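One letter stands for each residue in the lines below.
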Amino acid sequence: MALCTYLSDLLCKFPAIDNSTMRVARKTIDDGFRDIVRNYGDAIDVIVHPLQLFLNSSERLFIQTPWIVTLLIILAIVHLAGRSFRITGGTALALLMIGAVGLWRDAMTTLSIVAIATLIAIVIGLPLGILMGRSERLQRLINPVLDVMQTLPSFVYLIPVVVIFGIGKVPGLIAVVIYAIPPVIRLTSLGIRLVDREVLEAADAFGSSNGQKLFNVQLPLALPTIMTGINQTIMMALAMVVVASMVGVGGLGKNVLQAINNQFFTVGFLNGFALVAIAIMFDRASQAFGKRLQKYRKVSHG
């Protein structure tokens, strides 16, 4: 500050855009968002209504089904995916502990949201990642968008989503999908690009079509990288569920936010433990499924 006493304001005060210009710019953008909501609100409601019904049905299915039935179904899915009694037993222990501390209902709400968000992210992300892996132009076009999506603070995602879609589970789900989808896109693209050129040349030599190369060569060899992307998407979805609770998603994330606001250490720790348990459950089952699928591919093509 002492040095700036002897220098001009031009050198000491950064030449920022003046406040009036910034106010006009902010007002223009905000009014634009409001106009979108006013003009296309009914159309937006029609578009998101099926998603709302699907989300509500899924949540009711998880919550209203007797807990023992839900537990057995989850364990069956985990065992079919991993074919590991150790993973299945760990999942059973984690779910029983979650239920024992009174968090079963909230855990099922979170599980349904994460499952749907992950499914949507995979359905959108896998084809997009494959296209990026096979097209340099598309890679250059989408990479900056993914950079922004991965570096933008998670709370910022809620602003446009809430402005356009309002408060509720669907806006929260959309925010979770947007936040969680970049890893599966990036790592699918990376896995496709890491396939050895000599293997592709051998496939060409045997007369394989583009579709045959993709499904019989590129995807099997890229499977470990793709599964890593799916795992990262699941982890990011679980992380975003806590933030999305601010707009009405509910579940364990709502409890974590309430614990932070009220400084309830035990409540926050128990709900955090439940989130970690769900994350580990997803992670171990998907990793085991990926390894088993890759082993099957090697046997069937060996």
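A. View of the side chain of serine 189. One can find serine 189 in helix H9 (residues 182-193). Within the structure, serine 189 has its side chain in polar contact with the side chain of glutamine 139 (distance 2.9 Å). Apart from residues lying up to four places away in sequence, serine 189 is in contact with Gly129, Met132, Gly133 and Gln139.

B. A look at the confidence of the model for the protein chain. In the predicted model, the protein chain carries a mean pLDDT of 84, and the fraction of residues at 70 or more is 94%. The element-level mean pLDDT for the protein chain is lowest in helix H1 (residues 9-12), coming to 69, with H9 highest at 92.

C. Highlighting helix H4 (residues 85-100). Counted at 1.5 Å a residue, the expected span for H4 with its 16 residues is 22 Å, and the 22 Å between its end C-alpha atoms agrees. Here H4 has its buried residues at Ile87, Thr88, Thr91, Ala92, Ala94, Leu95 and Ile98. Down the axis of H4, the sector holding all buried residues measures 165°, keeping them to one side. For H4, the exposed residues lying more than 90 degrees away from the buried face are Phe85, Arg86, Leu93 and Ala100.

D. Representation of the environment of methionine 281. Along the polypeptide, methionine 281 turns up in helix H13 (residues 265-301). Accessibility expressed as a relative area gives 8% for methionine 281, which makes it buried. Counting along the chain gives 187 residues from methionine 281 to alanine 94, while the straight-line C-alpha distance between them is 8.3 Å. Methionine 281 has contacts with Ile74, Val78, Thr91, Leu95 and Leu111, leaving out every residue within four places of it along the chain.

E. Structural context of the pattern of salt bridges. Throughout the structure, instances matching the rule amount to eight salt bridges. Where aspartate 35 meets arginine 38, a salt bridge forms, and the shortest distance between an N and an O atom there is 2.8 Å. Note that aspartate 35 and arginine 38 are positioned in helix H2 (residues 19-64) at a spacing of three residues, about one turn of the helix. Given the relative accessible area of 58%, arginine 38 is considered exposed. Put simply, arginine 284 and aspartate 283 hold a salt bridge, and the shortest N to O gap is 2.5 Å. Connected through shared salt-bridge partners, Lys27, Asp31 and Arg34 make up one network.

The rules we used
Residues numbered from 1 in each chain as written. Predicted model: local features only at pLDDT ≥ 70, side-chain atom pairs only at ≥ 80, totals over all residues. Heavy atoms only, no water. Helix = DSSP H or I, 4+ residues; strand = E, 2+ residues; numbered from the N terminus. Polar contact = N/O pair within 3.5 Å; in protein donor to acceptor, adjacent residues only side chain to side chain. Contact = heavy atoms within 4.5 Å. pLDDT = per-residue confidence, 0-100. Expected span 1.5 Å × (residues − 1). Buried < 20%, exposed > 50% of the residue type's maximum accessible area, 1.4 Å probe, protein only. Arc of directions from axis to C-beta. Salt bridge = Lys/Arg side-chain N within 4 Å of Asp/Glu carboxyl O.

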